[in-house]
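Coordinate inspection notes
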Amino acid sequence: MSRRRYLVTGSKGQVVQSLVERGKVDENIEIIASGRPMLDLAQPESLEAAISRVELDLIVSAAAYTAVDQAETEEGQAKAVNADGPAALAGIASARGIPLIHLSTDYVFDGSKQAPYLESDPVAPLGVYGRTKLEGERRILASSDNVVILRTAWVYSPFGRNFVKTMIGVAATRDRLNVVADQVGNPTSALDIADCVLAVAANLLESNDASLRGVFHMAGAGEASWADFAEEIFRVSAASGGPSAKVDRIPSSAYPTPARRPANSRLDCSRLQSAHGIRLPDWRQSTAEVVERLLRYQGNSSAS
């Protein structure tokens, strides 16, 4: 069987780097990560030329404008990257007759629901980031029916900038810190996201079943507040000989930000499991794997 070729938008994001890593150990697929300047979502008219260079089996739309607070003053840029670019990608994928997998966010919801969100729940983004991601979803779905949109939340990994790396870094210099305790969600490892994306891709290429397509929620199993998440990071770190700190729980009102965050970011992922047979691991398990890996990397760096 010839290797399947997947184009992934972006080159430095957590999910992109996780997909590239997973692709290196899977002889059946080739991951082609393409970011700026070769592929720039903010320049939708340039995408066709960038993508036409290679024969592809599937496109993964992973790149996004994710600076949630900065988006409040850069709506045009956020819209270009989160809506215009992905819509153009969907058109290209449709014209080529290949599937598109697009990553979206819990920020399409306002967080007022008291239970985990279903794909069918009303959307009501609180800020520019969520609005532009939602517009991207809608335009993609209008462009093609051979698409999967995977909404996820609270992404972390050994790569890039994220909450786990920030907590470990802060604990190296401080013995206690304030962490918001009244926002809850599903911490999700980008490594688990990569595994899910590859499994969904295989399903799409093997079946034309409409039930495999559409919008799905994809997040780590279990739930936590940011304070819970921080405490688990420090517990694992301390057990591995790494830095830890005491967490002082605070309300969101004590840590104001330009963009409002959903108080409830929990996603019900049962549709993904039912249709694709995929359930992401418990967030504690995946957090431990990432923390331990980061500490090993730091130890190796210090020794060299």
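What comes next concerns the included structure. (Residues numbered from 1 in each chain as written. Predicted model: local features only at pLDDT ≥ 70, side-chain atom pairs only at ≥ 80, totals over all residues. Heavy atoms only, no water.)

Residues Phe 163, Val 164, Val 179, Phe 229, Ile 233 and Phe 234 are the most contacted members of the largest nonpolar core, which totals 36 residues. Top element by residues in this core is helix 7 (residues 226–239). It accounts for seven residues. Dropping the residues within four chain positions of it, Ile 233 is found in contact with Phe 163, Val 164, Met 167, Ile 168, Thr 287 and Val 291. In this structure, Ala 78, Leu 89, Ile 149 and Val 215 belong to the second largest nonpolar core, which totals 31 residues. (Core = buried A, V, L, I, M, F, W, Y, C linked by side-chain atoms within 4.5 Å. Buried < 20%, exposed > 50% of the residue type's maximum accessible area, 1.4 Å probe, protein only. Helix = DSSP H or I, 4+ residues; strand = E, 2+ residues; numbered from the N terminus. Contact = heavy atoms within 4.5 Å.)

Looking along the chain, the bond that leaves Arg 36 and enters Pro 37 is cis, with omega of 5 degrees. Tracing the backbone through its elements, the reader meets Pro 37 in the loop between strand 2 (29–34) and helix 2 (47–51). Even without glycine at this site, Trp 154 takes up a positive phi of about 50 degrees. If you trace the backbone, Trp 154 turns up in the loop between strand 5 (147–152) and strand 6 (155–156). The exposure class of Trp 154 is buried, given its relative accessible area of 9%.

Structurally, the position occupied by Glu 232 is in helix 7. Using a relative accessible area of 13% as the deciding quantity, one classes Glu 232 as buried.

Taken as a whole, the second largest pocket spans an internal volume of roughly 220 Å³. Taken together, 17 residues form the lining of the second largest pocket, with Gly 220, Ala 221, Gly 222, Leu 267 and Cys 269 sitting closest to its centre. Tallied by class, residues from the lining of the second largest pocket come to eight nonpolar, five polar and four charged. (1 Å grid on protein atoms, 1.4 Å probe; cavity = no way out; pocket = protein on both sides within 12 Å on 5 of 7 lines; lining within 4 Å. Points joined across faces, edges and corners; volume = space filled by probe spheres on them. Nonpolar A, V, L, I, M, F, W, Y, C, P; charged D, E, K, R; others polar.)

Our next topic: the sheet that holds strand 10 (residues 214–217). Strand order in the open sheet formed by six strands is 2-1-3-4-5-10, and the pairing between neighbours is parallel. Since the sheet does not close on itself, it has two edges, and those belong to strand 2 and strand 10, each with one partner. Neighbouring strand axes in the sheet, compared pairwise and without regard to direction, differ in orientation by 20 degrees on average. Summarising the sheet, strand 5 and strand 10 pair through four bridges and their orientation is parallel. Bridge pairing links Ile 149 to Val 215 in strand 10. Contacting strand 1 (4–9), strand 2, strand 3 (58–61), strand 4 (100–105) and strand 5, helix 6 (residues 190–206) runs over the sheet at an angle of about 130 degrees to strand 1. (Pairing = 2+ DSSP bridges. Axes fitted to C-alpha atoms, helices over the stretch in contact; angles between N-to-C directions.)

Side chains that differ in sign of charge can pair as their charged atoms come close. Counted by the stated rule, this structure contains 20 salt bridges. A salt bridge links Arg 5 to Glu 30; the shortest N-O distance between them is 3.0 Å. In this pair, Arg 5 sits in strand 1 while Glu 30 sits in strand 2, placing the two residues 25 residues apart along the sequence. Looking at Arg 5, the relative accessible area reads 26%, which means it is partly exposed. If you follow the salt bridges from partner to partner, you end up with Glu 21, Arg 22, Asp 195 and Arg 293 in one network. (Salt bridge = Lys/Arg side-chain N within 4 Å of Asp/Glu carboxyl O.)

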